[in-house]
Amino acid sequence: MAATLAAPVPVRGPMAGEVSASPLSVGAPAATSPRQVLSLDRGWRFFEGDIPFPEILGQDESYDNAKAGKAWGAAAPGFDDSDWMDVSLPHDFVSFQPIEADANRAQGYRRRGIAWYRTALRFDPADRDRHIELQIDGIATHATIWFNGTVVDRNWSGYNGITIDLTPSATFGDDLNTLAIRVDAHAMEGWWYEGGGLYRPVRIVKRDPVHIITDGVYAHPVPQGDGWVLPVEVTAYNSGQAAAAMMVAVTLEDAEGRVVAGGQAPMSVPALGPAVARLDLAVASPTLWSVETPTLYRVQTRLMAGDRCVDAVTTTCGFRTTRFDKDKGFFLNGWPLKIKGVCVHQDHAGVGTAIPDALWDYRIRRLKELGCNAIRCTHNAPSAVVLDLCDRHGLLVMDENRQFNPSPDTLAQLQWMVRRDRNHPSVILWSVFNEEPMQGSAAGYEMVRRMAHAVKALDTTRPVTAAMNGGLFTPINVSQAVDVVGFNYQQDKYDAFHATHPDVPLISSEDTSAFSARGAYVTDKDSRTIAGYDDPVKGWNTHRAAWKAIATRDFIAGGFVWTGFDYHGEPSPWGWPSNSSFYGIMDLCGFAKAAFHIHQAQWVADRPVLALVPHWNWAGREGQPVKVMACANTEEVELFLNGHSQGRQTVDPYEMNHWMVPYAPGRLEAVGYAGGKVAARAQVETTGPAVALRLTPDRDHLRGDGLDATPITVDAVDARGRPVPLAQDLVTFTIEGGDIIGLGNGDPNSAAPEKGNRRALFNGLAQVIVRTRAGDTGPLKLTAKAPGLAAAGIRLAVTPAAAPAVQATAPSDLILDTWYAAPLAATQDVALAYRQADPAAWDDFGTRWAHDPQTADGYTLCSVPFTPHAKVGRHGGRVVFLSLVGICDIYEGGHLLGRKTTPAPGRMEVALTPGAGQRRLDVLFQTPAGAAFGFDRNVVVRQA
């Protein structure tokens, strides 16, 4: 595949279609705003496996267990995670697992399981009066989230985003904030590879107490009369202590930044409550968004308190009309448009579900090159960056819900998806389920009726659909509760349903499911190989027949091929060792199969298309017939072998053109004709043996922000520089100035690791995915070597780029919050003698406020036994008294560590030497009668 140069890829900022202040985001920078959007993708510590919570038996422990901030085990603020693995997000821990025959087939024979993530956040004292929100774009699958030892949320789906108000429990300055997340990926929501862990971005958003909520701007244009109107709905929230009078100011900017409309509306936001403001912006003649010219406008929304902007959000929108007609299918901007779609899962070779934004951009561009104009997000809400890219590149979207269930928890997931995605011009359909057993029943009808009602309460501009694979003709079924009926694999029922229900718009929500392996042209069950000619296997449909059934019926709006790309898991029709699907038009890496060329010939109309299948390396089959397929959109096509015509045919736009050609080494060429003239040529040649490797990057320049990534194609070439289609060489890679984050080759039967630095070619190709490092200015250098072949190397320019603003993190503290006070001693020596006693029998007290004063002058020894975190035990650390009250001496192991000579509260640090096992800290206070002493903030042990 030739290198394709692309524009810089957007890096995802805030959730819900909001555009962050980063210039790397889609569109222009956000309006000037005091809000901060801070990435929390770095500074995480990870543990694979579960950490059981300790059994609670004692009275004191039972009491503490019932209190806020008193989580146990790995959820406790002071838990020792110092030896956990450092990871950055997005992180799919399942993608690191080996492929094993006794693991779940549907999940690609990779084990899932339980994992923990922890980090410690440092909030500036200036944040004390701000609203602080945690935003998690996706966790697979069930998750419990603790903040400072208190459960703040539980999540039941791997596909919805989570927003959590941290403001009530946040601490500032030297007091760290502990965030702990337990992920249970045993729980499965699908029958495909789902990954596990914090596989989408996480961020902290800091705003004014009065602010626009996440997903709080709804601005989707609609036609009105001879012009357009942009209805804007803004939802604000007030975490302050008094109601606030605000003004919402909205401006609409075109792609060049010119203001084309504006307006404002007042709102009063009650304390601890929401408020909604609505206004309409009239737009006379905007440039329309379409799949050919995806023009985007920016909506700048400001929340004003007098002349002061307290919050601002930039969203994007597009002016377009959509309509599903019962007889003529789909219309975009008043013109008929056949939907040429594919279904897409959210994983890729090498990285699983932890797909960098730049890799999503590569995948979307590959679909546009295919001639695709739509994607169906199967079977779940996608990453927000996918919709941003579809907006920008011009792909229509069927946005699909995961759970078929109108109960409160799952209905909230559907509502979240609609609120987040309803500003995107690319989204044209809301899909509420896929292939549910109750679809043909009255119960299913009632469920969909409720789900559709919830959708329309949030968005009335788009129809609701559902992907049905049965039950269409029962007396009561879900087709009666949706606006557009979706057919899955029911091509034989198109005509009958249309005749019975002539007023209902129809679409093929899923079709084809044809099997093939890239570069393979002989089906062999023993080797789990399926030929790529698009011949039916097990009675399934073909790419050609499925599209013909749609293209020849105007009343079918279009279709979505299962699938655009292969994906891990669901390895039908074989079992082990197959571990990924065979369904894709492209393989796991995005390399084209024969189906790619078939659909290009069917879907591309603005340029000539001509491709030949298969390769022409068939040593040992000389004289035997080889099936040759030409995929063309010209009027005629002629095939030549070594200059001799094999016949000229009228192009069949549905079935393609075929010849049986006796194999002879050399050159196979196809010539496409239009109007009697040569319009296109394609050829394949018999190659020599591989002599060298070649590296071809998707892009030749990257940003040095630690986020940018690109796939690099690896192939082997012969002495004349031609790619060798049968090469299977094992390649080893070395990299400088970046990191290899994944490897793949599209082989659905390979159990080789997709991490590391080695990958074999599969039918001539492999892929390496590289990522830059923050602050690097390049170049990034990659070298590939294989025995017997000349090595290859490339240098990719890395340009300076600011990394997104980040939330400050730190290693976890050990919090010493339970101390023991010895009896009052008259002299210092008597008090120090208590260092030999067991403090457990003394009075215990905490560190939230100072100890009660003594009734007589004297000395009071306060002690705490502790076991330092592992790294502190090995390397030493610091004991930090965030606010130490009274004159005192500090001892550890009989050694004086430090002395405080003033009674007023103050911060103090002492060094802690290395040492494993349990240790004891003793603080000897001078305690005049009536004087406070002790600690009125936490005492913590920190890494050196």
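See above for the structure.
Conventions we followed
- Residues numbered from 1 in each chain as written.
- Predicted model: local features only at pLDDT ≥ 70, side-chain atom pairs only at ≥ 80, totals over all residues.
- Heavy atoms only, no water.
- Pairing = 2+ DSSP bridges.
- Helix = DSSP H or I, 4+ residues; strand = E, 2+ residues; numbered from the N terminus.
- Axes fitted to C-alpha atoms, helices over the stretch in contact; angles between N-to-C directions.
- Parallel < 35°, antiparallel > 145°, perpendicular 65-115°, else oblique.
- Left-handed = near helix turned anticlockwise from the far one by under 90°.
- Contact = heavy atoms within 4.5 Å.
- Nonpolar A, V, L, I, M, F, W, Y, C, P; charged D, E, K, R; others polar.
- Disulfide = S-S within 2.5 Å.
- Buried < 20%, exposed > 50% of the residue type's maximum accessible area, 1.4 Å probe, protein only.
- Patch = residues over 30% accessible without salt bridge, like charges linked within 9 Å, V, L, I, M, F, W, Y side chains within 5 Å.
- Areas by Shrake-Rupley, 256 points an atom, 1.4 Å probe, with all protein chains shown as cover.
- Salt bridge = Lys/Arg side-chain N within 4 Å of Asp/Glu carboxyl O.
- Lys, Arg positive; Asp, Glu negative; His and termini not counted.
- Charge placed at Lys NZ, Arg CZ, Asp CG, Glu CD.
- Core = buried A, V, L, I, M, F, W, Y, C linked by side-chain atoms within 4.5 Å.
- Expected span 1.5 Å × (residues − 1).
- Phe/Tyr/Trp six-rings, centres within 6.5 Å; stacked < 30°, edge-to-face > 60°.

So, the sheet that holds strand β20 (residues 322–325)
Spatial strand order, β20-β21-β22: 3 strands in an open sheet with antiparallel pairing. Of all the strands in the sheet, just β20 and β22 (335–336) have a single pairing partner and so form its edges. In the sheet, strand β21 (residues 329–332) pairs with β22 via 2 bridges, with the strands oriented antiparallel. When the bridges of β22 are listed, F331 appears paired with P336.

Overview of the packing of helix α4 (residues 408–421) against helix α5 (residues 442–458)
Packing of α4 against α5 leaves a shortest axis separation of 9 Å and a crossing angle of 30°. With respect to α5, the element α4 is oriented roughly parallel. When the axes of α4 and α5 are compared, the crossing they make is right-handed. From α4, L411, L414, Q415, V418 and R419 reach across to α5, where they touch M451, A454, V455 and L458. Among the residues forming the contact of α4 with α5, the class breakdown is 7 nonpolar, 1 polar and 1 charged.

A few points about the state of the cysteines
Evaluated as defined, the whole model comprises 0 disulfides. No disulfide involves C343; its sulfur sits 9.6 Å from the nearest other cysteine sulfur, which is in C377. Given the relative accessible area of 0%, C343 is considered buried.

A short note on a negative patch on the surface
Among the surface-exposed residues, D60, E61, D843 and D844 lie close enough to one another that they form a single negatively charged patch. Of all elements in the fold, only α1 (59–65) and β50 (843–845) reach the threshold of two or more residues within the negative patch. For D844, the location among the structural elements is in strand β50.

Topic: the sheet that holds strand β51 (residues 859–866)
Judged by pairing direction, the sheet is antiparallel, and its 6 strands sit side by side in the order β50-β49-β51-β56-β53-β54 without closing on themselves. Each edge of the open sheet is held by one strand with a lone partner, namely β50 and β54 (895–900). This sheet shows a mean twist of 25° between the axes of neighbouring strands, independent of strand direction. As judged from the 2 bridges shared by strand β49 (residues 819–821) and β51, these two strands associate in the antiparallel manner. The partner of Y820 across the bridge, within β51, is S863.

Examining the side chain of T542
Note on placement: T542 falls in the loop between β29 (506–512) and α7 (543–551). Not counting the four nearest positions on each side in its chain, T542 is found in contact with T512, A514, D534, D535 and P536.

A closer look at the nonpolar core
With 65 residues, the main nonpolar core has V342, L367, I375, V432 and V485 as its most contacted residues. With residues up to four places along the chain from it excluded, the contact list for I375 reads V342, V344, L367, V386, C390, L395, L396, V397, M398 and F560.

Observations concerning α4
Between its terminal C-alpha atoms α4 stretches 20 Å, which fits the 20 Å expected from 14 residues at 1.5 Å a residue. What α4 keeps buried is the set T410, L411, Q413, L414, W416, M417, V418, R420 and D421. Packing partners of the buried residues in α4 comprise β12 (210–219), α3 (384–393), β25 (396–400), β26 (427–434) and α5.

What about the packing of aromatic side chains?
Under the definition given, this model contains 30 aromatic pairs. Note on W228 and F319: the rings are 5.4 Å apart at their centroids and 80° apart in plane angle, and the pair reads as edge-to-face. In this pair, W228 sits in strand β14 (residues 227–238) while F319 sits in the loop between β19 (308–317) and β20, placing the two residues 91 residues apart along the sequence. Here W228 matches F319 in class, with each residue buried. On the basis of an interplanar angle of 5° and a centroid distance of 6.1 Å, the ring pair of F845 and F935 is categorised as stacked. Separated by 90 residues along the polypeptide, F845 in strand β50 and F935 in strand β57 (residues 934–935) bring together distant segments of the chain. Judged on exposure class, the residue F845 and its partner F935 are both buried. Taken together, W819, F845, F881, F925, F933 and F935 form an aromatic cluster joined through their ring pairs.

Examining the packing of helix α2 (residues 357–370) against α3
Contact geometry for α2 and α3: axes closest at 10 Å, N-to-C directions at 40°. For the element pair α2 / α3, the angle class is oblique. Considering the relative orientation of α2 and α3, their crossing is right-handed. Judged by residue contacts, D357, W360, D361, I364, R365 and K368 of α2 engage V385, V386, L389, C390, R392 and H393 from α3. Tallied by class, the residues present in the contact of α2 with α3 amount to 6 nonpolar, 1 polar and 5 charged.

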